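Descriptive structure summary
Here's the letter readout for the chains.
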Amino acid sequence: MDNEILEDSYTVKTPGFEGPFGLLLSLVEARKLFINEISLSKVTEDYIQYMNKLGGLTPTEISNFIIVAATLILIKSKSLLPNLNLTSEEVSDISKLEDRLRLYGVYMKLSENVKNMFGKKIIFAPLERKNETLVFLPDNQITKESMMQFARDSLVRVPKKVFLPEVEIKKVMSIDEMIDKLTERIQSSIKMNFREFAGAAETREEKIVVIVGFLAMLELVRGGILNAIQENNFEDIMIEKQVLIINEDFV
Amino acid sequence: MDLETKIEAILFWKGEPVSVDKLVDLLKVSKDEINSAVVSLTEKLVGRGIVLLAREGELTLGTNPELSDLIEGMQKDELNKDLSRSSLETLSIVLYKNGVSRAEIDYIRGVNSSFILRALSVRGLVEKTVDENDNRRFIYKPTLELLSFMGVTSPKDLPDYGDINISIEAAAKNLAEELKNETGV
Amino acid sequence: MDLETKIEAILFWKGEPVSVDKLVDLLKVSKDEINSAVVSLTEKLVGRGIVLLAREGELTLGTNPELSDLIEGMQKDELNKDLSRSSLETLSIVLYKNGVSRAEIDYIRGVNSSFILRALSVRGLVEKTVDENDNRRFIYKPTLELLSFMGVTSPKDLPDYGDINISIEAAAKNLAEELKNETGV
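Computed from a predicted model, the values in this text were never measured in an experiment.

**A few points about the overall build of chain A**
Tallying secondary structure elements over chain A gives seven helices and two strands in all. In sequence order, the secondary structure elements of chain A are arranged as α-α-α-α-α-β-α-α-β. When each of the 251 residues of chain A is scored for burial, the buried share is 46%. In chain A, 76% of the contacts between residues at least 6 apart in sequence involve partners at least 24 apart. If you sum the accessible surface of chain A, you get close to 13,400 Å²; carbon and sulfur atoms cover 56% of it.

**Description of the interface of chain B and chain A**
With 62 residues of chain B in contact, the opposing surface of chain A contributes 41 residues. Both faces combined, the contact of chain B with chain A buries some 4,700 Å², and carbon together with sulfur accounts for 64% of it. Taken as a group, B:Ile108, B:Arg118 and B:Met150 account for 12% of the area that chain B buries against chain A, more than any other trio of residues on that side. Put simply, chain B and chain A have one salt bridge between them. Among the salt bridges present, the one from B:Glu66 reaches A:Lys121, with a minimum N-O distance of 3.2 Å. Between the two partners, chain B and chain A, sit twelve residue pairs in polar contact (both at pLDDT 80 or more).

**A few points about the packing of aromatic side chains**
To describe a pair of aromatic rings, you give the distance between the ring centres and the angle between the ring planes. Scanning the entire structure with this criterion turns up seven aromatic pairs over all chains. Their ring planes at 10° and their centres at 5.1 Å tell us that A:Phe118 and B:Phe149 sit as a pair that is stacked. In this pair, A:Phe118 is assigned in the loop between helix H4 (88–117) and helix H5 (144–156) and B:Phe149 in helix H8 (residues 144–150), connecting two distinct chains. Exposure class is identical for A:Phe118 and B:Phe149. Each is buried. Geometrically, the ring pair formed by C:Tyr96 and C:Tyr161 is stacked, given 6.1 Å between the ring centres and 25° between the ring planes. Here the residue C:Tyr96 occupies a position in helix H5 (residues 85–97), and C:Tyr161 occupies one in helix H9 (residues 161–183), the gap between them amounting to 65 residues. When its relative accessible area of 12% is taken as the criterion, C:Tyr161 is described as buried. Its guanidinium or amino end placed over the ring of B:Tyr107, A:Arg100 lies 4.1 Å from that ring's centre, counting from NZ or CZ. Across the ring face of C:Phe138, the terminal group of C:Lys128 is positioned such that the distance to the ring centre comes to 4.4 Å.

**Overview of the packing of H5(C) against helix H6 (residues 102–109) of chain C**
In helix packing, the relevant descriptors are the interaxial angle and the interaxial distance, both defined with respect to the helix axes. Residues and elements named next belong to chain C. At a minimum axis separation of 11 Å, H5 and H6 run at an interaxial angle of 120°. Comparing the axis directions of H5 and H6 gives the class oblique. Pair H5 / H6 crosses with right-handed handedness. Only Glu104, Ile105, Ile108 and Arg109 of H6 make contact with H5, whose side of the interface consists of Ser86, Glu89, Thr90, Ile93, Val94 and Lys97.

**Describing the sheet that holds strand E3 (residues 58–63) of chain B**
Strand order in the open sheet formed by three strands is E1-E3-E2 (chain B), and the pairing between neighbours is antiparallel. For this open sheet the edge positions go to strand E1 (18–19) and strand E2 (50–55) of chain B, each flanked by a neighbour on one side alone. Bridge count between E2(B) and E3(B): six bridges; the pairing is antiparallel. In the sheet register, B:Ile50 faces E3(B), and the bridge partner there is B:Thr63. Strands in contact with helix H1 (residues 3–14) of chain C are E2 and E3 of chain B; relative to E3(B), the strand with the most contacts, it is inclined by about 120°.

**What to know about helix H3 (residues 31–44) of chain C**
Residues and elements named next belong to chain C. Spanning 14 residues, H3 covers 20 Å between terminal C-alpha atoms, matching the ideal 20 Å at 1.5 Å per step. Buried within H3 are the following residues: Ile34, Ala37, Val38 and Leu41. Along the long axis of H3, the arc covered by the buried residues comes to 110°, so they all point the same way. Away from its buried face, by an angle of more than 90 degrees, H3 presents the exposed residues Asp32 and Glu43.

**Overview of the environment of B:Glu16**
Position of B:Glu16 relative to the elements: it lies in the loop between helix H1 (3–14) and E1. The exposure class assigned to B:Glu16 is buried, which follows from its relative accessible area of 12%. Through-space distance from the C-alpha of B:Glu16 to that of B:Gly62 is 9.1 Å; in sequence the pair is 46 residues apart. Each residue touching B:Glu16, except ones within four places of it in the same chain, is listed here: B:Leu59, B:Thr60, C:Phe115 and C:Arg118.

**Let's talk about the interface of chain C and chain B**
At the interface, 44 residues of chain C touch 46 residues of chain B. Taking both partners together, chain C and chain B bury about 4,100 Å²; carbon and sulfur atoms supply 70% of that area. Between chain C and chain B we count five salt bridges in total. Between B:Glu8 and C:Arg48 there is a salt bridge, and its shortest N-O distance comes to 2.9 Å. Connecting chain C to chain B are 13 residue pairs in polar contact (both at pLDDT 80 or more).

**With respect to the confidence of the model for chain A**
Residues and elements named next belong to chain A. For chain A, the mean per-residue pLDDT works out to 73, and 65% of the residues sit at or above 70. When mean pLDDT is compared element by element in chain A, H5 scores highest at 94, while strand E2 (residues 243–245) scores lowest at 39. In this model, residues 1–15 is a region of pLDDT below 50 whose contacts with residues beyond four sequence positions or in other chains number 24 contacts.

**Description of the nonpolar core**
Residues A:Tyr47, B:Ile7 and B:Leu27 are the most contacted members of the largest nonpolar core, which totals 132 residues. With eleven residues, the single largest contributor to this core is helix H3 (residues 59–80) of chain A. Among the nonpolar cores identified, the runner-up in size contains 36 residues, and A:Ile142, C:Leu83, C:Ile93 and C:Ala171 belong to it.

The rules we used
Residues numbered from 1 in each chain as written. Chains lettered and ligands numbered in written order. Predicted model: local features only at pLDDT ≥ 70, side-chain atom pairs only at ≥ 80, totals over all residues. Heavy atoms only, no water. Helix = DSSP H or I, 4+ residues; strand = E, 2+ residues; numbered from the N terminus. Buried < 20%, exposed > 50% of the residue type's maximum accessible area, 1.4 Å probe, protein only. Contact = heavy atoms within 4.5 Å. Areas by Shrake-Rupley, 256 points an atom, 1.4 Å probe, with all protein chains shown as cover. Buried area = accessible area lost by both parts, 1.4 Å probe. Salt bridge = Lys/Arg side-chain N within 4 Å of Asp/Glu carboxyl O. Polar contact = N/O pair within 3.5 Å; in protein donor to acceptor, adjacent residues only side chain to side chain. Phe/Tyr/Trp six-rings, centres within 6.5 Å; stacked < 30°, edge-to-face > 60°. Lys NZ or Arg CZ within 6 Å of the ring centre and 35° of its normal. Axes fitted to C-alpha atoms, helices over the stretch in contact; angles between N-to-C directions. Parallel < 35°, antiparallel > 145°, perpendicular 65-115°, else oblique. Left-handed = near helix turned anticlockwise from the far one by under 90°. Pairing = 2+ DSSP bridges. Expected span 1.5 Å × (residues − 1). Arc of directions from axis to C-beta. pLDDT = per-residue confidence, 0-100. Core = buried A, V, L, I, M, F, W, Y, C linked by side-chain atoms within 4.5 Å.

So, in structure tokens, the structure goes:
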């Protein structure tokens, strides 16, 4: 049961996913599992491996994946070490992830309808009518000055390229800390519970191998986090694929 | 002339979406009267070459979706029927929620959607409007153009439209909490 | 779908007279069949907002003549209405870009501008011409009447023309590239 790590990873054929939920859902579905803690703990390694292989993502996109990875790590840790104490916040993170994944799944099912229907039976609007009456009807609001102002205003509202928002960096950095602490907790938990591992020496060793493997996995995640943060510590490094910021007041 | 006849004539003459407010103004009747005339006009048009497209507050006439191939064959302009993965995800949420904030879309998708929403808005498939219930926030709604590409005259005609709401309630509760916590950020 | 339904859809969609011969050609039926479908369509439309008009072998749909006062009033109303903020903004882009495609306006404004451009052109403020560099697309220009109304002979005489023109050009180009890959496949 616990040696899932040693099992071959399930492959997700094409990157038919857009974000972290898409990846996670496709991993769960590839194993024909339902969404719950058990299935999520089973796909954690696959998820992290995929995440580290994903290329060409912006730091913001990477951080979206990392945030989900953090919760998966909690789930996995709990499944490896049932007596690991999780904070109430961590417990709620886990149940929220399950709920969100189910919600995402609902919309992905619905998106099949959209995909099947879009552009198939179109309701056409009538063609543009030929100008019946040729008139010139200006408006006193149109002046040289007002037009200049409107043109300038529209330029102000054009989306700007932005860096990864500071909030995102903070979120990702806090996950780095979390992994630190978790590593500590797991290591001390191994020491404390070493004797409590039930069964023959063989099973015990197996368990240790699994946990050590998992700790190595945590290091991998940390690598991804470092990449995301480093790229943002230097202001002159632009996000590779420029992200547009949309001012909610306009558009 | 009854109200539905007048509405039909106005929509035909305009040839583009007309707001219900505008009809109220033009025809000097109440919103409720317009709405019930819309119901009977929709019924009268069953089996006709023309359908009435309606969403909250806006109406327009279009060709019967069953005649899509016929009209498309006559059409010169090329239609863009392609949807990227992120367009598809985002449109599904906007259509089935029929009015949704960007925060909710982000929450469901797990990624930032501002870029794709702008792209879909440029394409005329979604529209950003001020939330009637809370004028400090914006919601995204399907446009009549989107409905016409889907071949339905109202979001309620989408398959599985009625069934989804229950399964979504539980998650929506969590969402409300989540969003409350994040507004401070 | 029966023949009269198809004819109704085609006439509605075209919005201008279509010859019976053309319908024979499009629908692959005989002239007699068209003519009898026209008779039954005319009957169906009795008392509706739309009527079928037939003249010298050509067919077209129009609004019910009994509603002509309503339609005329609406037309007048519309033309005398003050321009909305969105219309004025769109007009300013047409002026400062001096020859702009609808897509470019859409990219800059972040929304689809087709209905607004239509309204501006009905009022004689902008005109749509075929792009000399690419005859599959249209560009919008300010009309001469608009320029003289503003007291300029060319958009170049507008305040800060050079500066704003360059910024708009650049924005349109950048945004077009950004969005190109987003909504499609």
